[in-house]
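Close look at the chain arrangement
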Amino acid sequence: MNISNYQNMYNKIEIPAEMDKKIKESIAGRLESKRKISSRKFYRTGFAVAAAFAFIVCITNIDSVVAGAKNIIEYLKYTFVVDDKDGTTEEVNLVGEFMTISPDAPKEKCYMDSISYAKDELGIALLDTDEACLYEGGFEYTPYLTDDKDVYGLILSNKLYATGDLKDCTIHVKEDENGVDWMEYEAGDKYQTPISVEITVRTDKDMTGMYDNNEIGYVSENKKIDLSATGNTFDAEVYELENLGVKAVLYSVETDGPASWNVTSGSITCTTAVLVYQGVEYSYLGGVDRDTMKMFLDTLK
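Here's what I pulled together on the structure shown here. Owing to the predicted nature of the structure, the values given are computational and were not obtained by experimental measurement. (Residues numbered from 1 in each chain as written. Predicted model: local features only at pLDDT ≥ 70, side-chain atom pairs only at ≥ 80, totals over all residues. Heavy atoms only, no water.)

1. Quick look at the overall build of the protein
The secondary structure content of the protein amounts to six helices and 14 strands. The proportion of buried residues among the 301 residues of the protein is 48%. Sequence separation of at least 24 residues holds for 61% of the intrachain contacts in the protein that already meet a minimum separation of 6. When the accessible area of the protein is evaluated, it comes to approximately 15700 Å², of which 45% is carbon and sulfur surface. (Helix = DSSP H or I, 4+ residues; strand = E, 2+ residues; numbered from the N terminus. Buried < 20%, exposed > 50% of the residue type's maximum accessible area, 1.4 Å probe, protein only. Contact = heavy atoms within 4.5 Å. Areas by Shrake-Rupley, 256 points an atom, 1.4 Å probe, with all protein chains shown as cover.)

2. A closer look at the packing of aromatic side chains
Under the criterion given, the structure shown has seven aromatic pairs. Measuring from ring centre to ring centre gives 6.3 Å for Tyr144 and Tyr152, while their planes differ by 55°; the resulting arrangement is tilted. We note that Tyr144, like Tyr152, is buried. With 6.2 Å between their ring centres and 90° between their planes, Tyr161 and Phe296 make a pair best called edge-to-face. Separated by 135 residues along the polypeptide, Tyr161 in strand β6 (residues 151-162) and Phe296 in helix α6 (residues 290-297) bring together distant segments of the chain. Of the two residues, Tyr161 and Phe296, both sit in the buried class. (Phe/Tyr/Trp six-rings, centres within 6.5 Å; stacked < 30°, edge-to-face > 60°.)

3. Thoughts on α6
Most of α6 is tucked away, with six of its eight residues classed as buried. Regarding α6, the residues found buried are Arg290, Thr292, Met293, Lys294, Phe296 and Leu297. On its buried side, α6 packs onto β6, β9 (195-202), β11 (236-240), β12 (247-255), β13 (268-277) and β14 (280-286). Where α6 begins, one side-chain oxygen reaches toward the backbone nitrogen of Asp291, 3.3 Å away; that side chain belongs to Asp289. (Polar contact = N/O pair within 3.5 Å; in protein donor to acceptor, adjacent residues only side chain to side chain.)

4. With respect to the pairing of β13
Burial within β13 is extensive, with eight of its 10 residues counted as buried. Of the strand pairs in this sheet, β13 and β14 are connected by seven bridges, and their pairing is antiparallel. Looking across to β14, one finds that Thr271 is bridged to Gly286. Hairpin connection of β13 to β14: two residues between the antiparallel strands, including Gln278 at a positive phi of 50°. (Pairing = 2+ DSSP bridges.)

5. Thoughts on the nonpolar core
Grouped together as the largest cluster of nonpolar side chains are 62 residues, with contacts concentrated most on Leu126, Leu275, Tyr284, Phe296 and Leu297. Ignoring sequence-local partners within four residues, the contact set of Phe296 consists of Thr129, Glu131, Tyr161, Ala162, Tyr191, Ile195 and Tyr284. If you look at the next biggest cluster of nonpolar residues, it comprises five residues, including Tyr144, Tyr152, Ile155 and Met207. (Core = buried A, V, L, I, M, F, W, Y, C linked by side-chain atoms within 4.5 Å.)

6. Some remarks on unusual backbone geometry
Located in the positive-phi region is Asp168, a residue other than glycine, with phi close to 50°. As for its position among the elements, Asp168 is in strand β7 (residues 167-172). The backbone of Gln278 sits at a positive phi, close to 50°, despite the residue not being glycine. With respect to the element layout, Gln278 can be found in the loop between β13 and β14.

7. Considerations on helix α4 (residues 115-122)
What sets the pattern is the α-helix's 3.6 residues per turn: residues three or four places apart point alike. Among all positions of α4, only Ile115, Ala118 and Leu122 are buried. Buried positions in α4, seen along its axis, are confined to an arc of 50° and lie on one side of it. Tucked inside the fold, the buried residues of α4 contact β4 (110-112), β5 (139-145), β6 and β9. A positive phi of about 75° marks Gly123, the residue just after α4. (Arc of directions from axis to C-beta.)

8. Here's the deal with the state of the cysteines
On inspection of all chains with the given rule, the structure shows zero disulfides. For Cys133, which is in no disulfide, the shortest distance to another cysteine sulfur is to Cys169 and amounts to 6.9 Å. A relative accessible area of 34% means that Cys169 is categorised as partly exposed. (Disulfide = S-S within 2.5 Å.)

9. Let's talk about the side chain of Thr200
In this fold, Thr200 is placed in strand β9. Filtering out sequence-adjacent residues up to four positions away, Thr200 remains in contact with Leu154, Ile155, Ile216, Val280 and Glu281.

As structure tokens, this is what we get:
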């Protein structure tokens, strides 16, 4: 979401004139204080403040003023640190939202046939591609429940999501709950493996402590993932999707992938892409090069 989106959202929020004045005065005061302390950009990870002032990206909580507006809309942030082409580093904030899903969303692990079906079950919009490899029960749905059995987050995943130019693909469906679906195939010119997808949705701001150190990932306060040369970890870059106008972080990993890929030759070089669109987090992984992953990302809609 760009700055104008935040500004438009702020303009639509109904708040008293006096509160509006206090918010803007407090923001201005904090910004002036920051300028006096340092001229460097200030990046805040973890939870963002309410949308009423989320479009100002270099402020901290506005104490007493925040209390009245903070519950309107809250956002999630985490930061990737990557290298820019000029040799400096860049901090890329991916901003998610607490989503409202259907009260009838499944509360037990189950399997779904497509993202289209999942959208109907969950009541939210999700990205998909016409290149998806669809088969019965291909998407694993895993909900995370509160003590009251409400869904506070979920993961929807498919390890065989897109097959590109792979040849002679045959899917072997798991024989029992302890097994996995896996695919036989011959590598193509661009795809050495399928591309997998993992979609993460978070629904309850009161369960934020549960997001740290579990499968839902990335959302712990002040989370920063260093993919730069300084971090001595991954070769990473930022790519803006042509159709969606959002940024994805792409980086390379050496892995034999999930068991579903049936990779028997040891580790291979794969590309991971992470992005957030309309509040939902998406992670893609495949035995493809960076350019092929970009081409795949541009099929999402």
